[in-house]
Amino acid sequence: MEFYEVVHKRRSIRQFMDKAIPQEILKRILDAGLKAPSSNHQRSWELVIYTDKEKIKELAHIVKPYSCTIQEPKSPQQDMFKIAYPRQRTMIEESVCVILPYFKCKYELTNPNGYGLMDYGAAWALIENMLLAATAEGLGSVVHIPVKKEGQQIDEYVGAKNGYLLPAMVMLGYAAPDALTPKQVEVTVEKKAHWNRW
């Protein structure tokens with residue numbers, strides 16, 4: 001798939017088929033992630049990958065399902081809430097691969113010099129590379145950002161080393177034929193890009 005086609009086709013998919021992903025495809029996706037730019041070229045990342053369905057289900061039960069009372073969405077954001085909120089746990093359960101991209105957090109994220117954001121930003125570059133690679137491979141993908149106690153509970157489940165943080169869980173799988181995707185907010189370069197000044 002041509003690069004710009006991949007960029008335009010990438011969507012968050014929250015419903016997956018029960019179909020395994022070949023190991024060589026997973027390795028290409030992981031390798032794409034590890035090619036991301038990193039703070040000081042350290043690439044202080046550790047990827048924990050789950051493909052065992054029982055372990056994925058255990059991991060999914062750490063994430064609490066969210067309720068959503070929106071029946072008739074009036075905006076793309078509400079459309080996303082209606083689709084995404086009730087599927088926070090099931091999208092993990094249905095996925096056939098969960099990647100936990102930990103990064104070594106050398107500084108507090110609130111460090112006044114911004115150093116903590118360098119490692120955090122690099123972790124998200126890694127995640128985006130994997131999302132784009134998954135799209136190029138014909139897979140669906142989605143992220144879940146741990147909230148409240150989820151991060152700590154996931155760390156305990158995984159046995160994460162001290163000093164490492166998990167910015168998001170990445171779920172992969174072949175999209176279910178009837179997978180719901182919310183409307184997108186339409187943006188254009190003409191409306192969002194500011195040349196030489198705000």
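Residues numbered from 1 in each chain as written. Predicted model: local features only at pLDDT ≥ 70, side-chain atom pairs only at ≥ 80, totals over all residues. Heavy atoms only, no water.

Enquirer: Give a detailed account of the overall build of the chain, specifying residues and quantitative values.
Expert: Across its full length, the chain carries eight helices and five strands. In sequence order, the secondary structure elements of the chain are arranged as α-α-β-α-α-α-β-α-β-α-β-β-α. For 198 residues, the compact-globule estimate of 2.2 N^0.38 gives 16 Å, and the chain sits close to it at 17 Å. Looking at the 198 residues of the chain, the share that counts as buried comes to 37%. Summarising the internal contacts of the chain: among those between residues at least 6 apart in sequence, 82% fall at separations of at least 24. Summed over its atoms, the accessible surface of the chain is roughly 12,200 Å², and 53% of this surface lies on carbon and sulfur atoms. (Helix = DSSP H or I, 4+ residues; strand = E, 2+ residues; numbered from the N terminus. Rg over C-alpha atoms; globule rule 2.2 N^0.38 Å. Buried < 20%, exposed > 50% of the residue type's maximum accessible area, 1.4 Å probe, protein only. Contact = heavy atoms within 4.5 Å. Areas by Shrake-Rupley, 256 points an atom, 1.4 Å probe, with all protein chains shown as cover.)

Enquirer: Kindly report on the environment of D79, identifying the contributing residues and their values.
Expert: The residue D79 is located in helix α4 (residues 76-84) in this model. In sequence terms D79 and L100 are 21 residues apart; their C-alpha atoms lie 27 Å from each other. When sequence neighbours within four positions are dropped, the list of residues in contact with D79 reads P73, P182 and K183.

Enquirer: Before we move on, can you summarise the layout of surface pockets with the specific residues and values?
Expert: Estimated volume of the largest pocket: approximately 300 Å³. Lining the largest pocket are 14 residues, and of these R10, R11, S12, Q184 and V185 lie nearest its centre. Only α1 (3-9), α4 and α6 (115-136) provide two or more residues apiece to the lining of the largest pocket. For the lining of the largest pocket, the per-class residue count stands at six nonpolar, three polar and five charged. Considered as a void within the structure, the second largest pocket measures approximately 240 Å³ in volume. Secondary structure elements with two or more residues in the lining of the second largest pocket: α4 and β3 (140-144). (1 Å grid on protein atoms, 1.4 Å probe; cavity = no way out; pocket = protein on both sides within 12 Å on 5 of 7 lines; lining within 4 Å. Points joined across faces, edges and corners; volume = space filled by probe spheres on them. Nonpolar A, V, L, I, M, F, W, Y, C, P; charged D, E, K, R; others polar.)

Taken by themselves, the reported measurements are silent on function.
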